[in-house]
Amino acid sequence: MAGLLTVVFDGVAYGMLLFLFSVGLSVTLGLMRFINLAHGAFGMVGGYVAVTLLNGFGVPFLLILPIAFILTGLFGAAAEKAMIRHVYRMPELQQVLFSIGFAFAAGAVANILFGPQQQPMILPSWLTVQVSVLGLDVTAYRLFLIGSGLLVGLLVIGLFNYTLYGAKVRAAVDLRRTAEGIGINVDRLFLVTFSLGAAFAGLGGALAVGFLGLDPTFPLKYLVIVLMVVAIGGPGSIVGSFLAALGLGVTDALFKYLVPEVGGFVIYALLVIMMVFFPKGIMERSA
Amino acid sequence: MNGSWNTTRRALIAAIPAAALLLSAGSALAQQKTLTVGVVLPLSGVFADQGRHYEDGMKLFQKMHGTESAGVKVNMVVRDDQGPGSGDLARRLTQELIVRDKADIILGYSFTPTAMSVATLLTEAKKPAVLVNATGAVVPTRSEYFVRASVTSAQLAVSLAKWAVDNNIKTVYTLVADFAPGIEIETFFKKAFEAGGGKVIGGARTPVSATDYSPFLQRVLEAKPEALFAFNPGGDVSVAFMKQTKERNLAKAGIKLLVTGDVVDDSQLPAMGDAVDGVISSLNYQPDLDNPLNVQFVKAFHEMMGPNVSPSYRAVMGYDGMGFIYEALKRSGGKTDADSLLAALKGAKIDSPRGTISIDAQTRDITQDIYIRRGQMKDGKWVNSAIKTYPAMKGAAD
Amino acid sequence: MRVTPEAGIGVVLLVAAVAAFFLFPGYLALLSTIFILAIFALSYDLLQGHAGVVSLGHAVFFGIGAYASALLGRHGIAEPIVCLLLSTLASALVAGVLTRIVVVGNDLTRLLVTLGVGFLFFEAANQANWLTGGADGMPDFEVAPILGLFPFDFLGRTAYFYTLAVLVLVYAAMLRITRSAFGLALRGIRENTMRMHAIGAPVSRHLALAYIMAGACAGAAGALLAQTSRFVSLDMLGFERSADVVVITALGGTGSIPGVVLAAAVFGYLKDALSSFSPKYWQLGIGLVLMASVFVLRQGLAGLFNVFRTGDRE
């Protein structure tokens, strides 16, 4: 029984990681209706920033997280201003093409700058100790992930549902002309929103390196599972993404433990089933 | 009119000796024989790192020993097969190397499936291929033109099994990646271990590209074996595996970790940190081997790649692959046709940074020493250090 | 029967292909792969360019065709044309089963479902390694000489004409389909689904039929690859192949048959040339081209053709 609980706990931690990654995509896909298949690229940027700071400059772990957040956000802002804002209005196929292209290019640049190998990330010792929680021995790092996930989740939900900024974004997405009419600078709003989405992806990436490793194939490797989280959760719904990420993380871990022969399979079957019966995701957009 | 005729005549007169010179130079060039080595490696994609190591080894060999052997100039033409799972690409690249680039011999193939996919092509085209990895047991049997200069799953698994038996380990749980090399390694280990009186109390197979091992490791902890025997295909997958074994603290549970050496590839150790502490692995190479050739090799390697990069066993296998080709040229007396080369490769023996290695004339497989290493801290860095050698292990399991 | 511009371009391409056989004897293997890629891209173009269904998992049918051909070869049915037909049928059957989930939902949902289905099949094939060889692939299946007369040689000559012949057939078939009433109905569905419902057109049935045809054609392409390379592996079902064909269709100009064929040729050639030169720069190049493609030359290569036409394209 303890074994099962440990597995579930690990699944929850993995789910939190997925959530952190997906939060940004939920925002851009759901609120801005931009099919951003390049989301993984921002995660990768966060990862490389974290690794460079940690290994190259010896910056303490807790500090690299906000730095990764900010730097990736800035990178996202630059990309948005230069190119992406022109793509919002294009038909879906063009968005798919552009963002896949962006992901390829980002991976290639990472390869050129850092090489194709795995980036080492040595976590500080306070994160690798075992902690006893409810009678289970778990790694502090997984606890940290769960805590971060909850914190970020609350922050983002608060931001989009309870602030003026959030209201403006929702208004602008629904009726752009009208929002502009009442004086909302929609371009700037979208810039900020996209950058936030990228920043959260960067944070997720920085946190993921210690767990999943980092190399230039990162953008496309994790794209699918992140898309799944957003699709199942319902694009635009942060709560939905949270639940979907948890669900996927736990289901994946459970099946790999209980029925290893079909382990990897199950989450894709889940995706297909969910999409057929809940094509809009399990939760409506938070508007 | 007259003037231009004179000019023309002068030009013609000047041209004749020039032409003669060119012709003689041409025939002199024609006299220098060349051997074109077609190299097929994964240079992009997830396993690009591995491909690069092999290539570094090959280039280093040519840097250290020159580009000629037995009077024959050896040229490399390198193609990227983009990793395993695109066997049709590797096959087409091999065909193009043979048809377009006139390759006389192929060197490369990191993955067993890739090698398998080209077997019938090599047999039809009658060109030999020296394998720098491709550890699957059946590979040399698929084509008479395969020569393996690398390492076999049998060697890695059986040596670990022997060590486990010699060190009084009675129960083992196995965890291997779920594809042919993994299943093979599991089979060889189990056979050798149980033949020595041990018992495999359980096992599981992990998805090839899995990065989350915790459900599997959970099962290991519950089974309480004395040791865990594991194999995964290297790269980020193995790094994740090693990190998670540390996280789950197998050591605290008293479970020894036995892995095949590619899991704890020396060049990947920085990414694993202290997860490698006390881990026992088997491999055909060890950077701190103190034979003179290795000392030279490591020195030249550091000159080429920088002082902080540890040479991977893959670099050595690439180096030796080229080494065998040079040796084959010497043994065949400079003959570059396929049959002479193949005959010269069978039974060839060279001194390598790994020790003395040879190609078995019957099986065309590699015979070499296998080292058992333990991970430990040395001079502030985590390294694998050799603790035992199993000499002259044959490629095939008995 | 008047000769349409597309047919005319098709003839030009055919002549070029035959000439290439004599001019570039070292490139036959590459060119065969390009023909196969073109067939696969045409199958996708029917689905997306004409019917408007965006799928990120079209390689499923390619892979099914490939594995079917290999499995038949392993069990004694090795004549290539027979295998080709049977594999095409197999893919069509699977497409038929899957139509239910594909013709529903909006674009985003469909995108994700096709993506999910793609990964599902990939994982399933991976797990079923007793059948498919899993991550190792299947290298050992028989491929007999075509009609008992033309064996596949390692220089690639038989494969060249075999794949070219199938491409010509598929090209001609596509031309006929898109000009038929069915083709026009598909275009109507792509442009304005609601209106098509309103005039009583059987939208679902048409989409389903288009999906099945596209799947069958992709299966044929997969079978050809299996037969000419004597190897089948999971990547034939994988996301990268699905993505390749989306890129090619976009670059060629969705809905333009000669455009797609040309784009397949350019893409296939560049991929080979650039990745032997430097794989990292290939990826960068493709990424940049894709990004640029949504801003310039939006209609892809077909946009270039339109300069010569007074045609009825939008």
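(A) Structural context of the overall build of chain A. Scanning chain A from terminus to terminus reveals 13 helices and 2 strands. In summary, chain A has a C-alpha radius of gyration of 19 Å against a globular reference of 19 Å for 287 residues, a match within 12%. Projected onto its principal axes, the C-alpha coordinates of chain A cover approximately 60 × 45 × 35 Å. Of all intrachain contacts in chain A linking residues separated by at least 6 positions in sequence, the fraction that spans at least 24 positions is 77%. A total accessible area of about 10300 Å² is found for chain A, and carbon and sulfur atoms account for 72% of it. Positive and negative side-chain charges in chain A, numbering 14 and 11 respectively, have mean positions lying 12 Å apart.

(B) Just the overall build of chain B, in detail. Of the regular secondary structure elements, chain B holds 13 helices and 15 strands. Considering only C-alpha atoms, chain B reaches an extent of 105 × 45 × 35 Å along its principal axes. Residue pairs in contact within chain B that sit at least 24 positions apart in sequence constitute 68% of those at least 6 positions apart. Total accessible area on chain B stands at roughly 14700 Å², and carbon and sulfur atoms take up 55% of it.

(C) Inspection of the pairing of strand β1 (residues 33–41) of chain B at higher detail. Residues and elements named next belong to chain B. With 7 of 9 residues buried, β1 lies mostly within the body of the structure. Two strands pair when backbone bridges link them, and β1 and strand β4 (residues 105–108) are joined in this way by 4 bridges, in the parallel orientation. Looking at β4, one finds that G38 is bridged to I106.

(D) Representation of the interface of chain B and chain A within the structure. Facing 28 residues of chain B, the contacting portion of chain A comprises 27 residues. Where chain B touches chain A, the interface holds 2 salt bridges. For R142(A), the salt bridge identified is with E247(B), shortest N-O distance 2.7 Å. The interface formed by chain B and chain A holds 2 residue pairs in polar contact (both at pLDDT 80 or more) in total. Elements supplying a minimum of two residues to the side of chain B that touches chain A: α2 (48–65), α8 (214–223), α9 (236–247) and α10 (269–272) of chain B. Partitioned by chemical class, the residues of the side of chain B that touches chain A number 9 nonpolar, 9 polar and 10 charged.

(E) Structural detail: unusual backbone geometry. Residues and elements named next belong to chain B. One non-glycine residue, K102, lies in positive phi territory at about 55 degrees. When you line up the elements, K102 lands in the loop between α3 (87–99) and β4. Of note, the phi angle at N168 is positive, near 60 degrees, even though the residue is not glycine. For N168, the location among the structural elements is in the loop between α6 (153–166) and β7 (171–177).

(F) Structural context of a nonpolar patch on the surface. Residue and element names in this part refer to chain A. There is a patch of nonpolar side chains on the surface, built from V239, L243, I273, F277, F278, I282 and M283 and spanning about 630 Å² of accessible area. Listed by contribution, the elements that provide at least two residues to the nonpolar patch are α12 (238–258) and α13 (263–277). Assignment of secondary structure puts I273 in helix α13.

(G) Inspection of the interface of chain A and chain C at higher detail. Facing 37 residues of chain A, the contacting portion of chain C comprises 34 residues. Contact between chain A and chain C buries roughly 3400 Å² in total, counting both sides, with carbon and sulfur atoms accounting for 82%. Across the chain A-chain C interface, the total number found is 0 salt bridges. There are 0 residue pairs in polar contact (both at pLDDT 80 or more) connecting chain A and chain C. Taken together, the elements giving at least two residues each to the side of chain A that touches chain C come down to α3 (61–87), α4 (92–114), α11 (223–233) and α13 of chain A. No other element matches the 16 residues that α4(A) contributes to the side of chain A that touches chain C. For the side of chain A that touches chain C, the residue count by class is 29 nonpolar, 6 polar and 2 charged.

(H) Region of interest: the packing of aromatic side chains. What the rule picks out here adds up to 33 aromatic pairs over all chains. Pairing F40(C) with F62(C) gives two aromatic rings, centres 4.6 Å apart and planes at 40 degrees, and the pair type is tilted. Of this pair, F40(C) sits in helix α2 (residues 28–50) while F62(C) sits in helix α3 (residues 59–74); the two residues are 22 residues apart in sequence, bridging distant segments of the chain. F62(C) matches F40(C) in its accessibility class, with the two residues each being buried. The ring centre of Y390(B) lies 5.1 Å from the NZ or CZ of K388(B), which sits over that ring.

(I) Expanded view of the side chain of T158(C). Residues and elements named next belong to chain C. With respect to the element layout, T158 can be found in helix α7 (residues 157–179). According to the relative accessible area criterion, T158 is buried, its value standing at 14%. Here the side chain of T158 touches P151 through a polar contact of 2.6 Å, landing on its backbone oxygen. Once residues within four sequence positions are removed from consideration, T158 is found in contact with I146, F150, P151, F152 and D153.

(J) Local environment of the state of the cysteines. Residues and elements named next belong to chain C. For the coordinates displayed, the defined rule picks out 0 disulfides over all chains. The closest cysteine sulfur to the non-disulfide-bonded C83 is located on C217, 18 Å from its own sulfur. Its relative accessible area of 2% is what places C83 among the buried residues.

(K) Spatial organisation of the packing of α7(C) against helix α8 (residues 181–191) of chain C. All names here are of chain C. One can describe the packing of α7 onto α8 by two numbers: an axis separation of 4 Å at closest approach and a directional angle of 70 degrees. Here α8 runs roughly perpendicular to α7, going by the angle between their axes. Of the residues in α8, those in contact with I177, T178 and R179 of α7 are A181, F182, G183 and L184. Considered class by class, the residues forming the contact of α7 with α8 number 4 nonpolar, 2 polar and 1 charged.

(L) Quick look at the domain arrangement of chain B. All names here are of chain B. Each domain of chain B was delimited in the assignment, giving domain 1 (33–151 + 290–364) and domain 2 (154–283 + 372–393). Facing 16 residues of domain 1, the contacting portion of domain 2 comprises 15 residues. A combined buried area of about 1100 Å² lies between domain 1 and domain 2, and 56% of that area is made up of carbon and sulfur atoms. Three residues, A137, V151 and Y313, lead the burial of domain 1 against domain 2; their summed loss comes to 36% of the area buried on that side. One can count 1 salt bridge joining domain 1 with domain 2.

(M) How the structure looks around the packing of helix α4 (residues 80–102) of chain C against helix α10 (residues 203–229) of chain C. Residue and element names in this part refer to chain C. Two numbers describe how α4 lies on α10: the axes approach to 7 Å, and their chain directions differ by 145 degrees. The chirality of how α4 crosses α10 is right-handed. Together, P80, C83, L84, S87, T88, S91, A92, A95, G96, L98, T99 and V102 of α4 and A208, Y211, I212, G215, A216, G219, A220, A223, L224 and Q227 of α10 make up the contact between the two elements. Across the contact of α4 with α10, the residue classes tally to 14 nonpolar, 8 polar and no charged.

(N) A look at helix α7 (residues 164–174) of chain A. Taken as a whole, α7(A) has its buried residues at Y165(A), G166(A), V169(A), R170(A), A172(A) and V173(A). The arc that holds every buried residue of α7(A), seen down its axis, measures 165 degrees, which confines them to one face.

(O) Highlighting α12(A). An ideal rise of 1.5 Å per residue puts 30 Å on 21 residues; α12(A) measures up with 30 Å between its terminal C-alpha atoms. With a side-chain oxygen lying 2.8 Å from the backbone nitrogen of G240(A), the N-terminal cap of α12(A) falls on S237(A).

(P) Spatial organisation of the pattern of salt bridges. Residue and element names in this part refer to chain B. Within this structure, the stated rule accounts for 25 salt bridges over all chains. The shortest N-O distance in the salt bridge between D288 and K378 comes to 3.7 Å. With D288 in the loop between β11 (280–283) and α11 (292–305) and K378 in strand β14 (residues 366–378), this residue pair connects regions lying 90 residues apart in the sequence. Looking at D288, the relative accessible area reads 34%, which means it is partly exposed. Taking the relative accessible area as the measure of exposure, K378 reaches 36% and is therefore partly exposed.

Criteria and thresholds
- Residues numbered from 1 in each chain as written.
- Chains lettered and ligands numbered in written order.
- Predicted model: local features only at pLDDT ≥ 70, side-chain atom pairs only at ≥ 80, totals over all residues.
- Heavy atoms only, no water.
- Helix = DSSP H or I, 4+ residues; strand = E, 2+ residues; numbered from the N terminus.
- Rg over C-alpha atoms; globule rule 2.2 N^0.38 Å.
- Contact = heavy atoms within 4.5 Å.
- Areas by Shrake-Rupley, 256 points an atom, 1.4 Å probe, with all protein chains shown as cover.
- Lys, Arg positive; Asp, Glu negative; His and termini not counted.
- Charge placed at Lys NZ, Arg CZ, Asp CG, Glu CD.
- Buried < 20%, exposed > 50% of the residue type's maximum accessible area, 1.4 Å probe, protein only.
- Pairing = 2+ DSSP bridges.
- Salt bridge = Lys/Arg side-chain N within 4 Å of Asp/Glu carboxyl O.
- Polar contact = N/O pair within 3.5 Å; in protein donor to acceptor, adjacent residues only side chain to side chain.
- Nonpolar A, V, L, I, M, F, W, Y, C, P; charged D, E, K, R; others polar.
- Patch = residues over 30% accessible without salt bridge, like charges linked within 9 Å, V, L, I, M, F, W, Y side chains within 5 Å.
- Buried area = accessible area lost by both parts, 1.4 Å probe.
- Phe/Tyr/Trp six-rings, centres within 6.5 Å; stacked < 30°, edge-to-face > 60°.
- Lys NZ or Arg CZ within 6 Å of the ring centre and 35° of its normal.
- Disulfide = S-S within 2.5 Å.
- Axes fitted to C-alpha atoms, helices over the stretch in contact; angles between N-to-C directions.
- Parallel < 35°, antiparallel > 145°, perpendicular 65-115°, else oblique.
- Domains from an automatic or database assignment.
- Left-handed = near helix turned anticlockwise from the far one by under 90°.
- Arc of directions from axis to C-beta.
- Expected span 1.5 Å × (residues − 1).

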